[in-house]
Amino acid sequence: MRGIVSPKLVPFLEQANTAIAAFKATGQGFSAELVRQGLDNLSALIGAGPNMSTVKDDFLVTPSHNIPVRIYNPAPNDVLPVLLHFHGGGHMCGSVDLYDPISRKLALATHAIVICADYRLAPEHPYPAGLDDCQQVLERYKSLLTGMKHSDELYIAGDSAGGAICTSLVMNNSSNEKTNDSVKIDKQILVYPSVDYTMVSASIEENGQGFLLEKDKVQWYFQQYLQVGNLDQDEIAQAKAVEASPLLGQFSANMPTTLVITAGCDPLRDEGIAYAKSLAEVGVSVEQYSFDGMTHAYMLLNDLVSDECEQTYQLIGQFVKSGTIAQ
């Protein structure tokens, strides 16, 4: 069912759709530079983040490269849980800097130390480079917290491609086929997650045009990330997409308690709902909430939909505190 967008977003979408149509009329294709600039332009709408007691830039050293991180500690005198924050951006865009206000708000909402990772991006670093970076952070995050009081409780959170990273980490460390005893993720928070690279959900077609994130751009993102051809026509591309898709992997009762937040006008809506259903079917405690009038990436549009963004942080705070949300 095609979503009905909130009136709050109509003027913005009209402007965005005019710009998209003008760009397509030039015949110019997508490029990494253009899509990165497009996402960064949303920084004008993301709003300011709250003050934080401690904000520290650091990096995790690996044999081949350093992974930059930013650490947010809202209460340095308290023993806090840790939340690993993986930003969105189609595996090609986004950064710790762009997501700084969101990381700050997550730290306050969850009363946790937040570590946001600047993982490597495609097409310069295709799958699974960025995911490998996040695995390193998952396994070794405590080494970044020297001098900080923290408990062993661990949460992971991500929106869009960040949700793909979270669910891939869960699949690779907590499924029946792949269990990593050194990793224990207590709770998972997903906001309009990307979990199926095959692009077969009905909402891809229903909401794939006119709602900011469009079907042709989604496919282009995936082609750059997976380094494959046309997902609709290439059997090898389709096989790689299936292999990489968390929704199509094996689910297990070992997976963490999960919150899934979807947007009604998002082409990725149905796969988020399907992921929550698959968790429930194997006995994982899962909560799913839909913001029906919102588009993909609404968390980056805080100045336009501040009430919905605030409610999202409240839901995340409730979920972390009790494992359930008031609906």
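Above: the structure in question.
Remember, predicted model here, so these are calculated numbers, not experimental data.

Asks: Report on helix α9 (residues 269-281), specifying residues and quantitative values.
Replies: Here α9 is 13 residues long and its end C-alpha atoms lie 19 Å apart, about the 18 Å a rise of 1.5 Å per residue gives. Of the residues making up α9, those classed as buried are R269, E271, G272, Y275, A276, S278 and L279. Those residues of α9 hidden inside the fold are in contact with α5 (161-174), β6 (187-191), α6 (202-206), β7 (257-265) and β8 (286-295). Just past α9, the residue G283 takes up positive phi, approximately 95°.

Asks: Pulling in residues and values, what's your account of the sheet that holds strand β1 (residues 54-61)?
Replies: Ordered by their spatial adjacency, eight strands build an open sheet running β1-β2-β4-β3-β5-β6-β7-β8, and the pairing between neighbours is mixed. Unpaired on one side and paired on the other, β1 and β8 mark the two borders of the sheet. Across the sheet, the mean angle separating the axes of adjacent strands is 20° when strand polarity is ignored. Sheet analysis places strand β3 (residues 80-86) next to strand β4 (residues 113-117), joined by four bridges and oriented parallel. Looking at the pairing, H85 lines up with C116 of β4. In the packing of α5 onto the sheet, contacts are made with β3, β5 (150-159) and β6, and the angle to β5 comes to roughly 130°.

Asks: Before we move on, could you go through the side chain of S252 and cite the residues and values that matter?
Replies: Note that S252 resides in the loop between α8 (235-244) and β7. Exposure remark for S252: the relative accessible area of 1% places this residue in the buried category. Within the structure, S252 has its side chain in polar contact with the backbone nitrogen of N254 (distance 2.9 Å).

Asks: For the pairing of β7, give the residues involved together with the corresponding values.
Replies: Summarising burial for β7: eight of the nine residues are buried, a large majority. As defined by bridge partners, β6 adjoins β7 across five bridges and the pair is classed as parallel. Residue pairing in the sheet places L190 in a bridge with V260 of β7. By the bridge criterion, seven bridges tie β7 to β8 in an arrangement that is parallel.

Asks: Quick rundown of the pattern of salt bridges? Include the residues and the values.
Replies: Applying the stated criterion across every chain yields a total of 16 salt bridges. Across the pair D57 and R70 runs a salt bridge, and its minimum N-O distance is 2.6 Å. Remark: R70 occurs in strand β2 (residues 66-73) and D57 occurs in strand β1; sequence separation between them is 13 residues. You can call D57 exposed: its relative accessible area is 53%. On the basis of relative accessible area, R70 is assigned to the buried category, the value being 13%. With its nearest N and O atoms 3.2 Å apart, the salt bridge here joins R70 to D100. Here D100 lies in helix α3 (residues 100-110) and R70 lies in strand β2, a separation of 30 residues in the sequence. We note that R70, like D100, is buried. Taken together, the shared-partner salt bridges in this structure form one network comprising D57, R70, D97, D100 and R104.

Rules and cut-offs
- Residues numbered from 1 in each chain as written.
- Predicted model: local features only at pLDDT ≥ 70, side-chain atom pairs only at ≥ 80, totals over all residues.
- Heavy atoms only, no water.
- Helix = DSSP H or I, 4+ residues; strand = E, 2+ residues; numbered from the N terminus.
- Expected span 1.5 Å × (residues − 1).
- Buried < 20%, exposed > 50% of the residue type's maximum accessible area, 1.4 Å probe, protein only.
- Contact = heavy atoms within 4.5 Å.
- Pairing = 2+ DSSP bridges.
- Axes fitted to C-alpha atoms, helices over the stretch in contact; angles between N-to-C directions.
- Polar contact = N/O pair within 3.5 Å; in protein donor to acceptor, adjacent residues only side chain to side chain.
- Salt bridge = Lys/Arg side-chain N within 4 Å of Asp/Glu carboxyl O.

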